[in-house]
Amino acid sequence: MSLVDYAAAARKRIPAWRGLRWQPGLWLAWAIIAAAALAAIAPGLFTHFSPIEGIAGAQRLAPQADYWLGTDQLGRDVYTRIVYGASHSLSAALVAVAMGLFIGTAIGVIAGAFAGRVESVLMRLVDVLLAIPSLLLSLTVIILLGFGTVNAAIAVGVASIASFARLARGEVVRIRHTDYVEAAFGSGGTFWTVLWRHILPNSLTAVLAFATLQFGQAILALSTLSFLGYGTPPPIPEWGLLIAEGRNYLSTAWWLTTFPGLVVIAVVLATNRISRQLSGDRS
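Residues numbered from 1 in each chain as written. Predicted model: local features only at pLDDT ≥ 70, side-chain atom pairs only at ≥ 80, totals over all residues. Heavy atoms only, no water.

- Naming follows an unreviewed UniProt entry, where the protein chain appears as ABC transporter permease of Leclercia tamurae.
- UniProt lists a comment for the protein chain under the heading Sequence similarities (unreviewed entry), and it reads "Belongs to the binding-protein-dependent transport system permease family." (UniProt positions renumbered as here; feature names shortened; annotations may be inferred.)

Okay, here's the thing in structure tokens:
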């Protein structure tokens, strides 16, 4: 869903939870996100194996009763590494989304509220960022900062600032010209009071829904950086890194890439489904 679609869906003001009981796909999406979050917070509840240390004589074992998702080339349990990888993947994605949300929204709100020359300067900067492919921008930032989980999260966050800024600016401009905002100014409300009480609360619905979508996109971006060798360094378990480590064994140990990839797909699809619900889309 594009930024325009999110803004249009948010204007419908459909309650986010209407008909929730008739949507099993939405319940499944929330269950996937809840399981991933719990694994990130308390991975010890799901497994007793170490995600770093291998098991002697258990190299590249296929999925079986003792090792549900098999083992890797060093004898480490793949299921355990996926569980512990949730902490690094989700926390990095959360940092990236939070960075884009706060900085991008602030830029968009300032541009939309002040208009004039301030809006022109800020939005031209946003246009420059939008003109650069997000992956290329992320790679540029991470090369400047250095490798690592935190730096990868910052790089992905920088790449998402422009999208948040454009959406927030569009919503603020739309709300600023509504009748009730004009009435608030006409009744003696100051600029800052009207901005805080009327414009901001009514313009952030689409932005927050978009943030949910960006969470899934951030997971994909971070996995891509790790797959390319620019993200989380080994032996730390991270979903993109797990896929990268197993790509050399596709013909003999398919489970090394298949299961981490399925987890990434499931979490991203779940966040997309929740984002559509929050934005009011029932399709």
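Resuming the write-up.
1. A short note on the side chain of T80
Argument step 1. Turning to its location among the elements, T80 is positioned in helix α3 (residues 78–114).
Argument step 2. According to the relative accessible area criterion, T80 is buried, its value standing at 0%.
Argument step 3. With residues near it in sequence (within four places) discarded, T80 still touches T47, F49, S50 and P51. (Helix = DSSP H or I, 4+ residues; strand = E, 2+ residues; numbered from the N terminus. Buried < 20%, exposed > 50% of the residue type's maximum accessible area, 1.4 Å probe, protein only. Contact = heavy atoms within 4.5 Å.)

2. So, a nonpolar patch on the surface
Argument step 1. A cluster of nonpolar side chains, contributed by I110, F114 and V118, occupies part of the molecular surface with about 240 Å² of accessible area.
Argument step 2. Mapped onto the secondary structure, V118 falls in helix α4 (residues 116–131).
Argument step 3. V118 sits in the partly exposed class, given a relative accessible area of 37%. (Patch = residues over 30% accessible without salt bridge, like charges linked within 9 Å, V, L, I, M, F, W, Y side chains within 5 Å. Areas by Shrake-Rupley, 256 points an atom, 1.4 Å probe, with all protein chains shown as cover. Salt bridge = Lys/Arg side-chain N within 4 Å of Asp/Glu carboxyl O.)

3. With respect to the packing of α3 against α4
Argument step 1. Across the interface, α3 lies against α4 with an axial gap of 7 Å and an inter-helix angle of 145 degrees. Considering the relative orientation of α3 and α4, their crossing is left-handed. Packed against α3, whose contacting residues are I107, I110, A111 and F114, the element α4 presents G116, V118, E119, L122, M123 and V126 at the interface.
Argument step 2. The class makeup of the residues in the contact of α3 with α4 is eight nonpolar, one polar and one charged. (Axes fitted to C-alpha atoms, helices over the stretch in contact; angles between N-to-C directions. Left-handed = near helix turned anticlockwise from the far one by under 90°. Nonpolar A, V, L, I, M, F, W, Y, C, P; charged D, E, K, R; others polar.)

4. Topic: the packing of aromatic side chains
Argument step 1. Summed over the entire model, instances satisfying the criterion amount to six aromatic pairs.
Argument step 2. Look at W68 and Y79: their rings are 5.2 Å apart centre to centre, the planes differ by 50 degrees, and that puts the pair in the tilted class. Taken together, the positions of W68 in the loop between α2 (24–41) and α3 and Y79 in helix α3 put the pair eleven residues apart, joining distant regions of the chain.
Argument step 3. Judged by relative accessible area, W68 falls into the exposed class, the value being 55%.
Argument step 4. Residue Y79 is classed as buried on the basis of its relative accessible area, which comes to 18%.
Argument step 5. When the centroid spacing of 5.7 Å and the interplanar angle of 85 degrees are considered together, the rings of W254 and W255 count as edge-to-face.
Argument step 6. By relative accessible area, W255 is classed as buried at 4%.
Argument step 7. Among the aromatic residues, those joined into a ring-pair cluster are W254, W255 and F259.
Argument step 8. Taking the ring centre of F227 as reference, the NZ or CZ of R247 above it sits at 5.1 Å. (Phe/Tyr/Trp six-rings, centres within 6.5 Å; stacked < 30°, edge-to-face > 60°. Lys NZ or Arg CZ within 6 Å of the ring centre and 35° of its normal.)

5. Thoughts on the UniProt feature "transmembrane region" (unreviewed entry) in the protein chain
Argument step 1. UniProt tags residues 27–46, 90–115, 135–168, 206–232 and 252–272 as "transmembrane region" (unreviewed entry).
Argument step 2. With 96% helix and 0% strand, residues 90–115 has its two end C-alpha atoms placed 36 Å apart.
Argument step 3. Helix and strand shares over residues 252–272 are 86% and 0% respectively, and the end C-alpha atoms of the span are 33 Å apart.

6. Describing the pattern of salt bridges
Argument step 1. Considering all chains together, one arrives at eight salt bridges under this definition.
Argument step 2. Close ionic contact of E119 with R169 constitutes a salt bridge, the shortest N to O distance being 2.5 Å. On the criterion of sequence distance, the pair formed by E119 in helix α4 and R169 in helix α6 (residues 149–176) is long-range, its members being 50 residues apart.
Argument step 3. The salt bridge involving R124 is made with D127; its shortest N-O contact spans 2.9 Å. Pair noted here: R124 and D127 are both in helix α4, with a separation of three residues, about one helical turn.
Argument step 4. The exposure class of R124 is partly exposed, given its relative accessible area of 45%.
Argument step 5. Each of D72, R76, R81 and E245 takes part in one network of salt bridges that share partners.

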